[in-house]
Each structure stands twice: as C-alpha cells, then as structure tokens.
Amino acid sequence: QVVMPSNAEDAAGLLRFALRDNNPTIFFEHRSLLDNRWARRPYPGDDFVIPFGQANTLIAGDKITVVSWGAMVERCEAAAQALGDDSGVELIDLRTLQPWDKATILASVKKTGRCLIVHEDNKTAGFGAEIAAELAKDAFFDLDAPIERLTMPDTPNPHNIHLLNAAVPTVEKIQAAMIDLIEI
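Quick summary incoming for the structure in this document. (Residues numbered from 1 in each chain as written. Predicted model: local features only at pLDDT ≥ 70, side-chain atom pairs only at ≥ 80, totals over all residues. Heavy atoms only, no water.)

**With respect to the packing of helix H3 (residues 72-83) against helix H7 (residues 171-182)**
- The interhelical angle for the contact between H3 and H7, taken along N-to-C directions, is 60 degrees, at an axis separation of 8 Å. Accordingly, the angle class assigned to the pair H3 and H7 is oblique. Crossing geometry of H3 relative to H7 is assigned as right-handed. Contact with H3, carried on its side by Arg75, Cys76, Ala78, Ala79, Ala80, Ala82 and Leu83, involves Val171, Ile174, Gln175, Met178 and Ile179 of H7 and no other residues of that element.
- Residues that form the contact of H3 with H7 fall into these classes: 10 nonpolar, 1 polar and 1 charged. (Axes fitted to C-alpha atoms, helices over the stretch in contact; angles between N-to-C directions. Helix = DSSP H or I, 4+ residues; strand = E, 2+ residues; numbered from the N terminus. Parallel < 35°, antiparallel > 145°, perpendicular 65-115°, else oblique. Left-handed = near helix turned anticlockwise from the far one by under 90°. Contact = heavy atoms within 4.5 Å. Nonpolar A, V, L, I, M, F, W, Y, C, P; charged D, E, K, R; others polar.)

Shown next, in the form of structure tokens:
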C-alpha cells in the first residue's frame, strides 16, 4: 500500500488507517507537510480515519478533471482558483496510490471529457502513466481531448531549492495546461 497525503488532516486519518491495517504500507510525507501553511489543518480528533483508496474531490467542475496528490495538490488548487470560480475545473486529490480510487477519477473524466494529471515524479514511469493508461482503456470514448500529464522532466530530482522549483510544475504551468486542455 502506498500513501501520499497533501495535508495534515489527511495524513492523520491515513496514518491511523495504516496503523490499524495489517498490511505493509509505504507512507510518503512530503516536506511541504512540515512547514507549509496550506497543508495545516485543525486536528480532526482521535477517531478520524480515512480508508485507503478514497480520493477527495476538492473542487467540483464540469470542463476538466485535474488529478494530483501530495504537494502538487496545493499548486493545482491555486491554479484552478486563479482561473476563477466558473473555470469548470474539478480537482481530485488522490491521497493513496495503491490502492487508488479509479472509480472517482473515471466518473469525473466521463463527466468532463478531459483529464490533466499533475505530479512531482518523472514523466516516464511515473504513477500518472498508470492513471492515463487506465483512463485510455476505460474512458476512451468519453474523452474530448488527449489525457495530459504535467510532471518533472526526466532528470534526477534536484535537491537545491532553486533547481527544484525550476523542475517541479509551477502554478503558472499548471494553469496554462488547464487552459490548453479546456480550449481543445
């Protein structure tokens, strides 16, 4: 099982589920969870649990589905908000990569006809390719545009903050990709 929350509340609920589950779990905690204002949430209480495989739809829309996880969720939300309330962006925070919530994403893509997958991994062999492959198989006739992936380039992950910021998808790049797909 593979988990990558985007905020502290989800981290608490997913970690509780992982601790109570009897299966090995890899729990990725992005560095942005530690000191990022956006990732902060009120403590959800001792009984708050999020079962694996349940994505969270943060913004409802009808023109484009944007799928993301981890720290890229904040940037996708900022890009969607910059486009305005009537942009039609539906933003889904995947939260877990194994198992992943295929049903939620498939239903959204069938509604919008478009999908942008944004993540911080390399494009080649990144998890976004798995999502794209499943959507191409199961939602092919519902798509009005190609499935797009916005990722880091296929280079080693830089540790220098300036190089990292140059490599990771920015709010501006995400917004441009959203507009491009909506206008097809």
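**Some words on the state of the cysteines**
- Under the defined criterion, the tally for this structure stands at 0 disulfides.
- Free cysteine Cys76: the closest other cysteine sulfur is in Cys115, separated by 11 Å.
- Overall, Cys76 belongs to the buried group, its relative accessible area being 0%.
- By relative accessible area, Cys115 is classed as buried at 0%. (Disulfide = S-S within 2.5 Å. Buried < 20%, exposed > 50% of the residue type's maximum accessible area, 1.4 Å probe, protein only.)

**Quick look at the pairing of strand S7 (residues 115-122)**
- Within S7, 6 of the 8 residues are buried, leaving the element largely enclosed by the surrounding structure.
- Looking at chain direction, strand S4 (residues 64-68) and S7 are connected through 4 bridges and run parallel. Within S7, the residue paired with Val66 across the bridge is Leu116.
- Across 4 bridges, S7 lies against strand S8 (residues 148-152) in parallel orientation. Paired with Val118 across the bridge in S8 is Leu150.
- Between the parallel pair S7 and S8, the chain is carried across by helix H5 (residues 127-138), and the sense of this crossover is right-handed. (Pairing = 2+ DSSP bridges. Right-handed = clockwise from strand over helix to strand, strands pointing away.)

**Considerations on H3**
- With 12 residues, H3 extends 17 Å between its outermost C-alpha atoms, agreeing within 8% with the 16 Å of an ideal straight helix rising 1.5 Å per residue.
- Every buried residue of H3 is listed here: Met72, Val73, Cys76, Glu77, Ala79 and Ala80. Buried residues of H3, viewed axially, fall in a sector of 160 degrees; they line one side.
- Contact partners of the buried residues in H3: strand S3 (56-59), S4, strand S5 (89-93), S7 and H7. (Expected span 1.5 Å × (residues − 1). Arc of directions from axis to C-beta.)

**Quick notes on the sheet that holds strand S6 (residues 96-98)**
- One open sheet holds the 3 strands; their spatial order is S2-S1-S6, and the pairing between them is mixed. What marks the edges here is a single partner per strand, and that holds for strand S2 (26-27) and S6.
- Of the pairings in the sheet, the one linking strand S1 (residues 2-3) to S6 comprises 2 bridges and is antiparallel in character. Bridge assignment links Val2 to a residue of S6, and that residue is Gln98.

**Details of the environment of Glu120**
- Topologically, Glu120 is positioned in strand S7.
- The buried category is assigned to Glu120, whose relative accessible area is 18%.
- Residues Glu120 and Pro169 lie 49 residues apart in sequence; the distance between their C-alpha atoms is 7.2 Å.
- Apart from residues lying up to four places away in sequence, Glu120 is in contact with His30, Arg31, Ala71, Met72, Met152, Leu164 and Val168.

**Observations concerning unusual backbone geometry**
- Residue Gln98 is joined to Pro99 through a cis peptide bond whose omega torsion reads 0 degrees.
- Located in the positive-phi region is Arg95, a residue other than glycine, with phi close to 70 degrees.
- Topologically, Arg95 is positioned in the loop between S5 and S6.
- Assessed through its relative accessible area of 9%, Arg95 is described here as buried.
- Positive phi, normally seen in glycine, also occurs at Ala125, with a value near 70 degrees.
- Here Ala125 shows up in the loop between S7 and H5.
- For Ala125, a relative accessible area of 73% puts it in the exposed group.

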